[in-house]
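Take a look at the letters that make up each chain.
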Amino acid sequence: MRFSCFTHRAGVLAFTLLTATAASAEIKIGAILSLTGPAASLGIPEKNTLDILPKKIGDEDVSYIILDDASDPSAAVRAAKKLMDEGKVDIILGPSITPTSLAVIEAVAVNQTAMISAAGSAVIASPVEGNKKWAFKITPEEPTMAAYVFKQIENDNGKKIAFIGFNDAFGDSFIGAFKKVAVKRGLEVVADERFNSKDTSVTAQALAVLSAAPDAVIIGASGTPGVAPILELRNVGFDGPIYMNQGMANPDVLRVGKAGLEGVMFAVPPALIAEQLPADNPIKAEALKYVTAYEGKYGPESRSLFGATIWDAFLITANAVPFALEKARPGTPEFRTALRDAIEETKELVGSQGVFNLSKTNHNGTDLRAETLVRIKNGKWVYIPLKAE
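The following paragraphs examine the structure supplied in this document. Sequence order as written defines the numbering, with residues in each chain counted from 1. Where totals are concerned, whole chains, interfaces and linings use all residues; where local detail is concerned, this predicted model gives features only for residues with pLDDT of at least 70, and gives and counts side-chain atom pairs only at 80 or more. Water and hydrogen atoms were dropped before computing side-chain values, which therefore reflect all heavy atoms in the structure.

Take empty space enclosed by the protein next. Empty pockets left among the atoms are what a rolling probe the size of a water molecule brings to light. Put plainly, a pocket is an open set of points on a 1 Å grid over the protein atoms alone with protein on both sides within 12 Å along at least five of seven lines, a cavity is a set where a 1.4 Å probe fits but cannot get out, and a lining residue has an atom within 4 Å of a point. Grid points are joined across faces, edges and corners, and a volume is the space filled by probe spheres set on the points. The final tally for this structure, using the stated rule, is one cavity of 30 Å³ or more. Approximately 30 Å³ is the volume attributed to the largest cavity. Considering the residues around the largest cavity, the lining is formed by Met145, Val149, Phe174, Phe178, Ile218, Met244, Asn245, Gln246 and Ala267. Strands here are runs of E lasting at least two residues and helices are runs of H or I lasting at least four, both read from the DSSP assignment and numbered beginning at the N terminus. Residue assignment for the lining of the largest cavity shows that the elements contributing at least two residues are α5 (142-155) and α6 (169-184).

When a carboxyl oxygen of Asp or Glu is within 4 Å of a side-chain nitrogen of Lys or Arg, the pair counts as a salt bridge. Under the criterion given, the structure shown has 18 salt bridges. A salt bridge links arginine 340 to glutamate 344; its shortest N-O distance comes to 2.9 Å. Of the two residues, arginine 340 and glutamate 344, neither departs from the other in class, the shared state being buried. As a salt-bridge pair, arginine 369 and aspartate 367 come within 2.8 Å of each other at their nearest N and O atoms. Several salt bridges converge on common partners, so that one network encompasses Asp172, Lys179, Asp192 and Arg194. Buried residues are those whose accessible area, probed at 1.4 Å on protein chains only, stays under 20% of the maximum for their type, while exposed residues exceed 50% and partly exposed ones sit between those limits.

The geometry of helix α11 (residues 305-325) relative to helix α12 (residues 333-343) is characterised by a closest axis approach of 8 Å and an angle of 125° between their N-to-C directions. Considering their axes alone, α11 and α12 lie oblique with respect to each other. Read as a crossing pair, α11 and α12 show a hand that is right-handed. Between α11, through Ile316, Thr317, Ala320, Val321, Phe323, Ala324 and Leu325, and α12, the contact on the second element is made entirely by Phe335, Ala338, Leu339, Ala342 and Ile343. Of the residues belonging to the contact of α11 with α12, the class tally is eleven nonpolar, one polar and no charged. A fitted line through C-alpha atoms represents every axis, and for helices the fit uses only the stretch in contact; the resulting angles, taken between N-to-C directions, go from 0 to 180 degrees. Working definition: roughly parallel below 35 degrees, roughly antiparallel above 145 degrees, roughly perpendicular at 65 to 115 degrees, and oblique for all remaining angles. Left-handed describes a crossing whose near helix is turned anticlockwise from the far helix through less than a right angle; right-handed describes the clockwise counterpart. What makes two residues a contact is simply this: any of their non-hydrogen atoms within 4.5 Å. Polar here means any residue other than Ala, Val, Leu, Ile, Met, Phe, Trp, Tyr, Cys and Pro, which are nonpolar, and Asp, Glu, Lys and Arg, which are charged; Gly is therefore polar.

We now examine the packing of helix α10 (residues 284-298) against α11. Each packed pair of helices is defined by two parameters, the angle between the axes and the distance between the axes. Between α10 and α11, the shortest axis-to-axis distance is 11 Å and the interhelical angle comes to 115°. For the pair α10 and α11, the sense of crossing is right-handed. On the side of α10, the interface is formed by Glu286, Lys289, Tyr290 and Ala293, while α11 contributes Gly307, Ala308, Trp311 and Leu315. Taken together, the residues that form the contact of α10 with α11 break down as five nonpolar, one polar and two charged.

Let us look at the environment of asparagine 167. The residue asparagine 167 is located in the loop between β7 (160-166) and α6 in this model. Here asparagine 167 falls in the partly exposed class, since its relative accessible area comes to 49%. Sequence separation between asparagine 167 and glutamate 193 is 26 residues; the distance between their C-alpha atoms is 8.6 Å. Residues contacting asparagine 167, with those up to four places away along its chain left out, are Arg194, Phe195 and Asn196.

The next point concerns the sheet that holds strand β2 (residues 56-57). Note: two strands are recorded as paired if DSSP finds a minimum of 2 bridges between them. The strand order β2-β3-β1-β4-β5-β6 describes an open sheet built from six strands, whose pairing is mixed. Strands with a single pairing partner mark the edges of an open sheet, and in this sheet they are β2 and β6 (135-137). In the sheet, β2 pairs with strand β3 (residues 60-68) via two bridges, with the strands oriented antiparallel. Across the sheet, isoleucine 57 pairs through a bridge with glutamate 60, a residue of β3.

The subject of this paragraph is the layout of surface pockets. Reported here for the largest pocket is a volume of approximately 440 Å³. The wall of the largest pocket is formed by 35 residues, among which Ile97, Thr98, Phe166, Phe170 and Ser222 lie closest to the centre. For the lining of the largest pocket, the elements supplying multiple residues, two or more each, are α4 (98-111), α5, α6 and α11. Top contributing element to the lining of the largest pocket by residue count: α11, with three residues. A class-by-class count of the residues in the lining of the largest pocket yields 18 nonpolar, 15 polar and two charged. Lining the second largest pocket are 15 residues, and of these Tyr148, Asn281, Glu371, Tyr383 and Leu386 lie nearest its centre.

What follows concerns the nonpolar core. Definition used in this section: a nonpolar core is a set of buried Ala, Val, Leu, Ile, Met, Phe, Trp, Tyr and Cys residues joined via side-chain atoms within 4.5 Å. The biggest cluster of nonpolar side chains holds 120 residues, and the ones touching the most others in it are Phe150, Ile218, Ile219 and Met244. If you tally residues by element for this core, the top one is α11, at eleven residues. Those residues in contact with phenylalanine 150, other than ones at most four positions away along the chain, are Ile161, Phe178, Val181, Ala182, Arg185, Leu187 and Ile218.

Quick look at unusual backbone geometry now. A cis amide bond links glycine 94 to the next residue, proline 95, at an omega of 0°. Relative to the helices and strands, proline 95 is located in the loop between β4 (91-93) and α4. Cis geometry is found at the peptide bond from serine 126 to proline 127, where omega equals -5°. Looking at the secondary structure, you find proline 127 in the loop between β5 (115-117) and β6. Unlike most non-glycine residues, serine 71 shows phi in positive territory, near 65°. Inspection of the secondary structure puts serine 71 in the loop between β3 and α3 (73-85). We note that lysine 258 has phi near 45°; this positive angle belongs to a residue other than glycine. Position of lysine 258 relative to the elements: it lies in the loop between α9 (251-257) and β11 (265-268).

Put into structure tokens, the structure is as follows:
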């Protein structure tokens, strides 16, 4: 009888400890970012944004575990496994760029942990099938960017376009998507040149584009490596319009490019020029909230779209958490699945870069409200009022 009584008390104690542990379980958010390597200019502001995010979602404590993938796909996979196996994270934000994001999709799917990539290519989360059921990508899709870029090219009576882009998954996805839109709009693609992010010269590519005599050139690159073809195009004598990619919208790009970027245009989410947006823009208030928080800590004009992407990824996560908590507690497979399911139900959520409407077949959720057209003038981002179609 004594043994039975002891067993009962031990069982009660164990149940009490387990209940207390479950009640105090915190939400763990993992992040895989390019804090070093060619994409560091993207990853660093993303980490900076994580540092200013709330430490609570409702009544639940939130902790963040941040790992550097050095802009390398293999390192990104190792980081993902470490976050899930050792960190027991409930969701992953990042990676920063397309190649690293594509690399980790299988790992997060096997562990059934949702990830919200900060990268740009639609292929990360589309089509929503197989392993990609666990992948989300919330930067605006390439056709949305193309709508603004090609509208401006047509306004300038342009007919022929050329591309210079990365020779990787990002370049393939970006340029491929833009080409499809160009064909639909009756524009002729006269050149498609590629380079590697670590190349020391892009003169040959610039000369090839120049010889094709395009009316405009579009750069399919991200971060500071994308500056090189712009400067080289000017050096070899191209004086037409140049459009860069929103993956280059950060202060480091302006610092590296200096006067050589004067007049360059690009389609970009509204957070970059939040103060310049019209008063009736639905995103202006949240964009200003992000900019105020970020620049309040890191200084004037330090804002970054890549940081804004992490801000919005958190907003989407925080919006989904209450629904997931109705099904399970953080730290469990059931919570991770419920969180993924709840993210798919996001409707008209206003972020700093767009208004998000996600679904079981759409893991991006943006529309034309997620872009504006911007020109670089005197080292500043300047809003161009333009209604895309």
